[in-house]
Every structure is written in C-alpha cells, then in structure tokens.
Amino acid sequence: MAYEGVNNYCHSMYDWSVAEENPSMMYVKMGEETESAYKVIFRSYTGAFVYFYVEKAGGITRMVEYEPALDAESEAGTINLLDYLEKKE
C-alpha cells in the first residue's frame, strides 16, 4: 500500500511526459523498512529524489527532498497516504 499510494501521488503531482521516451529517468521504488515506517523513493528526471517516509500506523507520510548535485536535503511537507490509495482521474 505504501508503494501504491506514493506512486499514485507522484503520478498526479509530477509531469511524467518527459520520461515517456526514457522511463528509467523517473521512477518510484521501495526503500528500507523500519519497525514503524516504510521508505519509498521517487526519482525526478532532474536527478533529484523525494524520500517518502510512510508511517505504518496511520499512513501519514513525511516527504524529504534530496538534491545529489548539491548534497542538500530539505523537508518538503506531509501527505496522508490514504488519500492516494485510489487513483485520481
């Protein structure tokens, strides 16, 4: 469910058309799991990453943006993952 919700969120919030020719430039994949959270990773076509930390208990998800070129990380807000478990049209 963590992957599905984050994948739906990313497809509704980001423009994926730039990756139509080369799908490997943008993706969503599972990261590490702890006792209390799942980490889901989104890679943008720009090379930046957004790490989604999904709380197992309630679905509240903290987002952290990471820019490898600058080695800079910043808080990017929170979402309720449950809002994204059904695809938005």
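Use the structure listed above.
Each chain carries its own residue numbering, running from 1 in the written order of its sequence. Reporting of local features is limited, given that this is a predicted model, to residues whose pLDDT is at least 70; pairs of side-chain atoms are given and counted only at 80 or more, and all residues count toward the totals for whole chains, interfaces and linings. Side-chain descriptors were evaluated using all non-hydrogen atoms of the structure, hydrogens and water having been removed beforehand.

### Focus: the packing of aromatic side chains
Only the six-membered ring of Trp is used, alongside the rings of Phe and Tyr, when aromatic pairs are assigned; centres must lie within 6.5 Å, and planes under 30 degrees apart are stacked while those over 60 apart are edge-to-face, with the rest tilted. Under the definition given, this model contains seven aromatic pairs. With 6.5 Å between their ring centres and 85 degrees between their planes, Tyr9 and Tyr14 make a pair best called edge-to-face. Consider the rings of Tyr9 and Tyr84, whose centres lie 5.0 Å apart with planes at 90 degrees: the pair is edge-to-face. Of the two residues, Tyr9 sits in helix α1 (residues 2–13) while Tyr84 sits in the segment after β5 (72–80), which places them 75 residues apart along the sequence. There is no split in this pair, since Tyr9 and Tyr84 are both buried. Secondary structure is summarised from DSSP: a helix means a run of H or I of at least four residues, a strand means a run of E of at least two, and numbering begins at the N terminus for each. For each residue, the accessible area found with a 1.4 Å probe, counting protein chains only, is set against the maximum for its type, and the residue is called buried under 20%, exposed over 50%, and partly exposed in between.

### What about unusual backbone geometry?
We note that Asp71 has phi near 50 degrees; this positive angle belongs to a residue other than glycine. Within the secondary structure, Asp71 is located in the loop between β4 (60–67) and β5. Residue class for Asp71 comes out exposed when judged on its relative accessible area of 58%.

### Considering the pairing of strand β1 (residues 27–33)
It is a general feature of regular strands that their side chains alternate between the two faces of the sheet. Pairing between strands is defined by DSSP: at least two bridges between them are needed. Strand direction decides the pairing type here: β1 and strand β2 (residues 37–43), joined by five bridges, are antiparallel. Within β2, the position partnered with Tyr27 by the bridge is Arg43.

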